[in-house]
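# Commentary on secondary and tertiary structure
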Amino acid sequence: MELSYKELNKKFENKETFILYFDGTDGDVLEDTLNRVLEKENLVAYTINTSKLSQDEINTLRYKADYEEPSIVFIKEGNDPSILTHITDVYISDESLTTRLTALGFIDNKNLSE
């Protein structure tokens, strides 16, 4: 689900926990992997297309979530807890992404045994 800059800022202000995908281009491999895993695990991620943002908006976002493009960032209670949790490997496997989502609490461990 693509968010506008204003909608994304509201999520940060409301201290929400969510998966955020930074996309500067369309149709990349990382996005395909993310979409497969989200569908399988019945999860939602939000997309921000940085090519639609002003330079000031990009600078503000980099302060809130230091990101690369493309990347998956895990926001916890309105904060980016660590750049070390970001996924920037465009060739990450579905299994590795699922493991990361589980470790970060987005997927319940009991789902892995199904």
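Everything here concerns the structure above.
Residues numbered from 1 in each chain as written. Predicted model: local features only at pLDDT ≥ 70, side-chain atom pairs only at ≥ 80, totals over all residues. Heavy atoms only, no water.

### With respect to the sheet that holds strand β2 (residues 45-49)
Which entries qualify depends on this criterion: When DSSP finds two or more bridges between two strands, those strands count as paired. In DSSP terms, a helix is any run of H or I states spanning at least four residues, a strand is any run of E spanning at least two, and both are numbered starting from the N terminus. Lines fitted to C-alpha atoms define the axes, with helix axes restricted to the stretch in contact, and inter-axis angles between N-to-C directions lie between 0 and 180 degrees. Contacts: residue pairs with any heavy atoms within 4.5 Å of one another.
With mixed pairing, the three strands of this open sheet are ordered in space as β2-β1-β3. Two strands lie at the open edges of the sheet, namely β2 and β3 (71-75), each paired on one side alone. Mean inter-strand twist for the sheet, computed between neighbouring axes without regard to direction, equals 30°. Pairing between strand β1 (residues 18-23) and β3: five bridges, direction antiparallel. The residue bridging Phe22 from the neighbouring strand is Ser71, located in β3. Along the sheet, helix α2 (residues 29-41) contacts β1, β2 and β3; its crossing angle with β1, the most-contacted strand, is approximately 155°.

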